[in-house]
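Okay, here's what each chain looks like letter by letter:
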Amino acid sequence: MEKVISCFRWRPEAVTRLICFPWAGGGSIHYARWGTVLNSSVEVFAVKLPGRESRSREPFFDNMQQIVDEVISALLPLLKEKPFAMFGHSFGALTSFAVAEDLKKVHNLEPVHMFLSGASAPHSETRLKAPKRSALSDGEFLRWLASVGGTPPELLANPDVVRLFLPALKADLRVAENYSLEERDIWRFHRQDVRRLSLLPEGCWERKDPAGLHHKHSGSCRNALFMTKVATM
């Protein structure tokens, strides 16, 4: 399991586990550190994807199902032991949702809470119709990255830094760009027994209920079907 999961502080006595999924191009270390600051009731696992950190010699995954299969294979016995929650930002929001969807559909397991931020819903037309940025040349990709902001210019201007993070970033973006889920499948997944979903303030999301009503939402909710992001990433 250590190949796929980083854990800085193992807590067998913990009441629950928090499974954290990295942003595009990201590693596991940042989230694994949360295990040193949260109290003893929570054990923090951070997902470690191939092509980075101790797995730098492994090829990147090509699609979302590969991520789902590996994470579930590594974690399934532990997820059956005690309640667990999931956190994902940006690319991590999509991967955590994909893992949760498969756990529910195949293994009849679900998190007690999901924390999602910074990503559009899998069925969002805005996301699905967006240009495929992962297909850009490295130069074009870096110019686009600079234009959207959020990355310090000095990092983008450093060839050594770019050489380290760019391949993983483009590989993860390619997975995200080719991942989608039909809204009717999301409906089946988020039934009335879904417990709690928090949407953190990295953008505005919208709830669509059975009556077709739409509700902007940024907190926790019960019986949510899914949240469709109103603003683009």
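Residues numbered from 1 in each chain as written. Predicted model: local features only at pLDDT ≥ 70, side-chain atom pairs only at ≥ 80, totals over all residues. Heavy atoms only, no water.

1. What about the pattern of salt bridges?
The final tally for this structure, using the stated rule, is 11 salt bridges. Glu-58 serves as the salt-bridge partner of Arg-55, at 2.7 Å between the closest nitrogen and oxygen. Overall, Arg-55 belongs to the buried group, its relative accessible area being 2%. Residue Glu-58 is classed as partly exposed on the basis of its relative accessible area of 26%. Here Glu-101 ties to Lys-105 by a salt bridge, and the two come within 3.4 Å at their closest N and O atoms. Here Glu-101 and its partner Lys-105 are both found in helix H3 (residues 91-107), 4 residues apart, which amounts to about one turn of the helix. Of the residues examined, Glu-101 reaches a relative accessible area of 11% and is grouped as buried. Through salt bridges with shared partners, a single network forms among Lys-3, Arg-55, Glu-58 and Glu-70. (Salt bridge = Lys/Arg side-chain N within 4 Å of Asp/Glu carboxyl O. Buried < 20%, exposed > 50% of the residue type's maximum accessible area, 1.4 Å probe, protein only. Helix = DSSP H or I, 4+ residues; strand = E, 2+ residues; numbered from the N terminus.)

2. Quick notes on the nonpolar core
Counting residues in each nonpolar core, the largest one holds 45 residues, and the members touching the most others are Ile-19, Met-64, Leu-75, Met-86, Phe-91, Val-99 and Leu-103. Put simply, the parts of the chain that give this core at least two residues each are strand E2 (16-21), strand E3 (42-47), helix H2 (64-79), strand E4 (84-89), H3, strand E5 (113-117), helix H5 (138-148) and helix H7 (159-177). When near neighbours in sequence (up to four residues on either side) are disregarded, Phe-91 contacts Pro-22, Trp-23, Ala-24, Leu-49, Met-64, Ile-67, Asp-172, Val-175 and Ala-176. Core analysis: the next-biggest nonpolar cluster, separate from the first, contains 9 residues, Cys-20, Tyr-31, Val-42 and Ala-85 among them. (Core = buried A, V, L, I, M, F, W, Y, C linked by side-chain atoms within 4.5 Å. Contact = heavy atoms within 4.5 Å.)

3. Focus on the confidence of the model for the protein
When the pLDDT values of the protein are averaged, the result is 80; 78% of them are 70 or greater. Confidence drops under pLDDT 50 across residues 187-195; counting only partners more than four residues distant or on other chains, this segment forms 23 contacts. Confidence over residues 201-233 falls short of pLDDT 50; this stretch has 89 contacts with residues more than four positions distant or in other chains. (pLDDT = per-residue confidence, 0-100.)

4. Side note on the pairing of E4
The element E4 is extensively covered by neighbouring structure, given that 5 of its 6 residues are classed as buried. The pairing of E2 with E4 spans 5 bridges and is parallel. What sits directly across from Arg-17, in E4, is Phe-84. The pairing of E4 with E5 spans 5 bridges and is classified as parallel. Looking at the pairing, Met-86 lines up with Met-114 of E5. Running through H3, the crossover from E4 to the neighbouring parallel element E5 is right-handed. (Pairing = 2+ DSSP bridges. Right-handed = clockwise from strand over helix to strand, strands pointing away.)

5. Side note on the pairing of E3
Of all 6 residues in E3, 6 are buried, a share of seventy percent or more. The alternating pattern of E3 places Val-42, Val-44 and Ala-46 on one face and Glu-43, Phe-45 and Val-47 on the opposite face, and all of these are buried. The sheet contact formed by E2 and E3 spans 5 bridges and is parallel. What sits directly across from Arg-17, in E3, is Glu-43.

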